[in-house]
Structure formats: structure tokens, C-alpha cells
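# Reading the structure
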Amino acid sequence: MRKLSIYLFTFAAVLLMGCKQNEPKYIIGVSQCSEDIWRDWQNAEMRMEANFHEGVELRFTAAHDDSELQSKQIDSLVASGISLLIVAPNQLSSVSPAIDRAYDKGIPVIVFERKTDSRKYTAFVSADNYEMGHLMGEYVATQLGGKGNVLEVKGLKGSSPAEERYNGFHVALAAYPDIKVVTEIQGDWTEPTAYEAVKNWKGDMNSIDLVFGHNDRSALGARKAFEERGAKLPKFCGIDALPGPNGGIQQVRDSLLDASYIYPTHGDQLLQLAIDILDGKQYPKETMLTSALVTRDNATVLLLESDEVVRQAHNLNKLQTKATGYLEQLATQRVISLLALILLSLLLLTLVLFILYHRSKISAQRERIVNNLWKMEAPAASVQPVDQQPVATAPASTSEENDTEQAKEPLFIIRFKDVVEARLSDSDLSVDDLAAAMNLSRVQLYRKVKAISGSSPVELLRTARLNRGYQLLIKGDKTISEVAYEVGFTAPSYFTKCFKDEFGISPSDLG
């Protein structure tokens, strides 16, 4: 079978040499702090722009407002071999160490939309959130005639846009002493959170003249709470003003919002900046994007313009897809003749048989691993023929003590397994910790485990982690990085190396 596989892969390489896809020139990792309509729109713009650059691969992650998860995702992107990192930090400082680690490894970093307290970045792209908050404050003062009560729904605590919009808004209102912010409700940019927080507010909703949400979804969540409680509806203002169906511009046009402020996505501009950096071209260190207020006076015109842009982008994407398919078909027709097609069919059939054979080996290996999970069974006592057994010379009590001691050894192994499995995900677990849990000294634990299993405690701990990782990978609902951290490895790359040494296959082969 080994000779057959060498022949097949050599033959396939010669036959398909003309069809081989080129490796990407640049791999760009995009770490989004959350997943929402604003970021979906921005990601789509980056994908569209990537179509105009040959050899660009995009890898996206979304942290769902979890700073710890985003840090792990950034480390995973770096470990995967990206050429450049684009990141929207969830909070001002919590993700900074992961960004620093990427930058220190020589990977260019573009920080966009949200700020970091680190200076280790290559470029920064954002709109002026302070200016947005300030202009929205002036608009609110105009709408209220300089007098009234305001309810404010803030963005995610610790994020730079929330802090800057808050500061700008309050500085603007400071010039209007008869406008009072009755309450500041903490949100996290999502509509459900804003709805629950406003619904649970114990104040008088009928006294509120205007609700300012730090984004459109927060304002809409507040509106839903007002409607549900049957209070009179005040004015509602937000920030984002996304184009397209159910975007902020349409919501202003349909009078669900009284005003919004365009928070530009500009994914195409962001990707072009990344390409310029990687190509060694000149680029600005900081880029501030322009934005504008959306009211009922201009919402209809802006919506028509944005719909036209969306329609043209959709047509362009369809055209690009058709062109790509045509070129691939043309290349195939050049390379593969009728004889090549026949040979390729035979090759594919043989490869299917080879894959089935390979999978059967993996299945057998899985069964062996599961049945011999730790390879820690106590060695069976050797039995001599009756006519060859020596006459016992030791007292009967000594024989009984030996039998009792041998009976204890499996119990010791079971207890040791339980101690290890209880702390398998602890990457700082040491032999001293295991010994303490077993009420033994380090030396005693080592000698006893070595005598029973033939392996050291460290070797058995690593084997247990790898086997647990194997079982998690078979389930298929976690990435290699997530499994590595869950079973106590500090780096996915080291987990992959140990896994291959243990089982003879890569973790990715189980996908």
C-alpha cells in the first residue's frame, strides 16, 4: 500500500501540475470584537475588496464581546501564520497584551474602530466618536428647545467608542443647564440588553422627552421597552446609520428613530490599507473617517444612494463569480485531454480505495486508543506451571501481605487517574501537585507510578491530555486551539506536535 500511495501521489502531481492552485500571497487575519450587522457589513466590504487583489486570503474571528476569547483568537490567528492582523479591540486595555504579542513577532497590526492603550500598532483607523457624541448632543438640545429630560443608554463599559461618545455628548449638553440626563443605563451595544435594562428601570418613563442610545440597536431596544410598558413615546436617537434593509437610515426614514449618525464601516478602505502596508507602500499612521448626521430630512435620499451602491456591489460580485468560473473552466480544458480525463477517473477511484483503507486504519487506531486509554493497567502476574512452582519457604502471613499489596495497586491507579482527570485542563498542574493530592512525596509518587505503569507521572499526564484531546476532536465541535487549551496545553502548536508524536497523525486529520 505504501508503494501504491507513492505512485498515486507522483502520478497525480504530474497530471494536475497545470491545475495546482497558487498559495496565497498574503493571509490577513481579522479579529472582530463581536458579531453584528455593522461588522457583517464591514466584513462583506473587505471580502469584496479582496476580489480585486490576487492572492489575498482573509481569516475572520468574532469574540462576541468576550475579551479573553478575543485574546485567544488573536494568538490562534498569529499561530496560523497570518501576514497582517486587523483588530477591533473589545475593550481599551484587556486585549492589548495579545495585540502586543502579535506586533512583537513582526506582524503588522491595524487597529480599527476601537482604541487600545498600547502603542504597538502599525496603523489606526476610526471615525471620531467624541465628535459624534458632541454633535448628537447639540442636535438633541435643538430638538428639545434647550429644555427637557434625557435617558441615555451607554455602550459596552470599557470600550473606547462608548467612553468617547459619552464624553462628547455630555460636554455638548453642559451648555444647556435645563436639559437633564435623568438616568444613564449601562448597555453592551445589543438591542436585547438595552430592552431589558430600560424595561427594568424604576423611573417615570412618561417624564422622558428623548432617549439617546450609543448605537441604533440600543435606541431601538429602549423604544421596545417604552412601547411594552405603554408609556408615551419620546424621541429616539442613535449612532451607526447603516444602509440596507432594517439599517439605521431606513429606521430614520420610517420614523422608528428621529436621528442617527453615520458610523462608517469602510471595509474596502481598511483592506486596501492592509495591502499597502504589506506591499511596502507609504500609508498614514492614523486615518479618521468622515461621517454625517441622518435625519428625516435626508434619510430618503441617503437610503436611495446606499441601495444603489448595494445593488451595484451585488452585481459586481455576481460578475466576478462568473468570470472566475469561466477562467477555471478554460484552464481545465487546456490541461486535461480525453485521455487525461480517463486516467483521472481511474486515479480518483484508486484514491477513494486508498482513503477508505487509510480511514479504516485510523478507526482501528481510535478503537485501540479508547480501549487502552492510559496504558496504565497493572502488569499481570506471571503464572508458572504447577509442577515447576517452587515450594513456599516464607510464612503464610508474608504471602497474605503480598496479595493485599498487589490488590491495592489497581486501586492506586484508579485514584491517580481520578486526580489527574479532575485537573486535566490546568496547564500549571505539576507532579508536586499530584503528589500532594495523593498524600505522597514527589519521590514516592514517582517510584510507585513507575513501578506499576513503567512510565513517569509526567508522561502519564501528557498521555491523558492527548487522549482527552483525541476524544474532543472526534466530536468535531471544537477547533484545535480550543481543544489544546481545554486539555491543559499552553500552545496549540505544542499540542499538535505532541499529538502527532503520540498517534502518528495530525489533529487536523480527524476533521
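All values reported here derive from a predicted model rather than from experimental measurement. (Residues numbered from 1 in each chain as written. Predicted model: local features only at pLDDT ≥ 70, side-chain atom pairs only at ≥ 80, totals over all residues. Heavy atoms only, no water.)

## A short note on the overall build of the protein
The number of helices and strands found in the protein is 18 helices and twelve strands. Buried residues in the protein amount to 43% of all 511 residues. Accessible area for the protein stands at about 27,500 Å²; split by element, carbon and sulfur atoms hold 54% of it. (Helix = DSSP H or I, 4+ residues; strand = E, 2+ residues; numbered from the N terminus. Buried < 20%, exposed > 50% of the residue type's maximum accessible area, 1.4 Å probe, protein only. Areas by Shrake-Rupley, 256 points an atom, 1.4 Å probe, with all protein chains shown as cover.)

## Focus on unusual backbone geometry
Within the chain, E113 stands out as a residue other than glycine whose phi angle is a positive 70°. Its place among the elements puts E113 in the loop between β4 (109-112) and β5 (123-127). The phi dihedral of A241 is positive, around 50°, even though this residue is not glycine. The residue A241 is located in the loop between β9 (235-237) and α9 (248-253) in this model.

## Side note on empty space enclosed by the protein
Empty space among the atoms can be located by rolling a probe the size of a water molecule over them. Taken as a whole and judged by the stated rule, the model has one cavity of 30 Å³ or more. Quantified by volume, the largest cavity comes out at close to 70 Å³. In this structure, the largest cavity is lined by 13 residues; those nearest its centre are Q42, E113, V125, T265 and L289. Looking at the lining of the largest cavity, the element that brings in the most residues is β5, giving three residues. The residue inventory of the lining of the largest cavity, partitioned by class, reads eight nonpolar, four polar and one charged. (1 Å grid on protein atoms, 1.4 Å probe; cavity = no way out; pocket = protein on both sides within 12 Å on 5 of 7 lines; lining within 4 Å. Points joined across faces, edges and corners; volume = space filled by probe spheres on them. Nonpolar A, V, L, I, M, F, W, Y, C, P; charged D, E, K, R; others polar.)

## Observations concerning helix α3 (residues 67-79)
With 13 residues, α3 should reach 18 Å at 1.5 Å per residue; the first-to-last C-alpha distance of 18 Å fits that figure. Among all positions in α3, only S67, Q70, S71, Q73, I74, L77 and V78 are buried. Around the axis of α3, the buried residues are gathered within 165° of arc, so they sit on the same side. Turned more than 90 degrees off the buried face of α3, the exposed positions are E68 and A79. Residues of α3 that are buried sit in contact with β1 (26-32), β2 (56-62), β3 (84-87) and α4 (96-104). (Expected span 1.5 Å × (residues − 1). Arc of directions from axis to C-beta. Contact = heavy atoms within 4.5 Å.)

## Re the confidence of the model for the protein
Averaged over all residues, the pLDDT of the protein is 82; the fraction at 70 or higher stands at 77%. Contacts from residues 1-20, a stretch scored under 50 in pLDDT, to residues over four places away or in other chains number 17 contacts. Per-residue pLDDT stays below 50 along residues 365-408; that stretch engages in 32 contacts with residues further than four places along the chain or on separate chains. (pLDDT = per-residue confidence, 0-100.)

## Here's the deal with α4
Buried residues of α4: S96, A98, I99, D100 and A102, and no others. Residues of α4 that are buried make contact with α3, β3 and β4. Phi turns positive, to about 85°, at G106, one or two residues after α4.

## Considering the side chain of E45
One can find E45 in helix α2 (residues 37-50). Buried charge E45 goes without a salt bridge, the closest partner of opposite sign being R47 at 10 Å. If we skip the residues at most four places from it in the chain, E45 touches T265, H266, G267 and D268. (Lys, Arg positive; Asp, Glu negative; His and termini not counted. Salt bridge = Lys/Arg side-chain N within 4 Å of Asp/Glu carboxyl O.)

## Here we look at the pairing of β1
Most of β1 is tucked away: seven of the seven residues are buried. On β1, burial covers both faces: Y26, I28, V30 and Q32 on one face and I27, G29 and S31 on the other are all buried. For β1 and β2, the ladder comprises seven bridges, and the chain directions are parallel. By the bridge assignment for β2, S31 is matched with T61. Each parallel crossover has a hand, and for β1 linked through α2 to β2 it is right-handed. Relative to β3, β1 is paired through four bridges, and the arrangement is parallel. (Pairing = 2+ DSSP bridges. Right-handed = clockwise from strand over helix to strand, strands pointing away.)

## Notes on the pattern of salt bridges
Summed over the entire model, instances satisfying the criterion amount to 20 salt bridges. Salt-bridge contacts for K25 lead to D279; the nearest nitrogen and oxygen are separated by 3.8 Å. In this pair, K25 sits in the loop between α1 (2-15) and β1 while D279 sits in the loop between α10 (267-278) and β11 (286-289), placing the two residues 254 residues apart along the sequence. Overall, the relative accessible area of 54% leaves K25 in the exposed class. The class of D279 is partly exposed, set by a relative accessible area of 34%.

## Overview of the packing of aromatic side chains
The relative placement of two aromatic rings is captured by the distance of their centres and the angle of their planes. Counting across every chain of the model gives ten aromatic pairs. Here the aromatic rings of W38 and Y263 are separated by 5.3 Å at their centres, their planes lie at 25°, and the arrangement is stacked. Residue W38 is found in helix α2, and its partner Y263 is found in the loop between β10 (259-261) and α10; the two are separated by 225 residues along the sequence. Each member of the pair, W38 as well as Y263, carries the same accessibility label: buried. Aromatic ring contacts, followed pair by pair, group Y470, F489, Y494, F495, F499 and F503 into a single cluster. We note K154 situated over the ring of Y166; from NZ or CZ to the ring centre the distance is 5.4 Å. The ring centre of Y263 lies 4.6 Å from the NZ or CZ of R165, which sits over that ring. (Phe/Tyr/Trp six-rings, centres within 6.5 Å; stacked < 30°, edge-to-face > 60°. Lys NZ or Arg CZ within 6 Å of the ring centre and 35° of its normal.)

## Focus: the nonpolar core
I28, L84, I86 and I110 are the most contacted members of the largest nonpolar core, which has 43 residues in total. Ranked by the residues each element gives to this core, the list is headed by α10, at seven residues. Once you skip the residues sitting within four places of it in the chain, I110 turns out to touch L84, L85, I86, V87, A123, V125, L270, L273, A274 and I277. If you look at the next biggest cluster of nonpolar residues, it comprises 24 residues, including A194, V198, A241 and L303. (Core = buried A, V, L, I, M, F, W, Y, C linked by side-chain atoms within 4.5 Å.)

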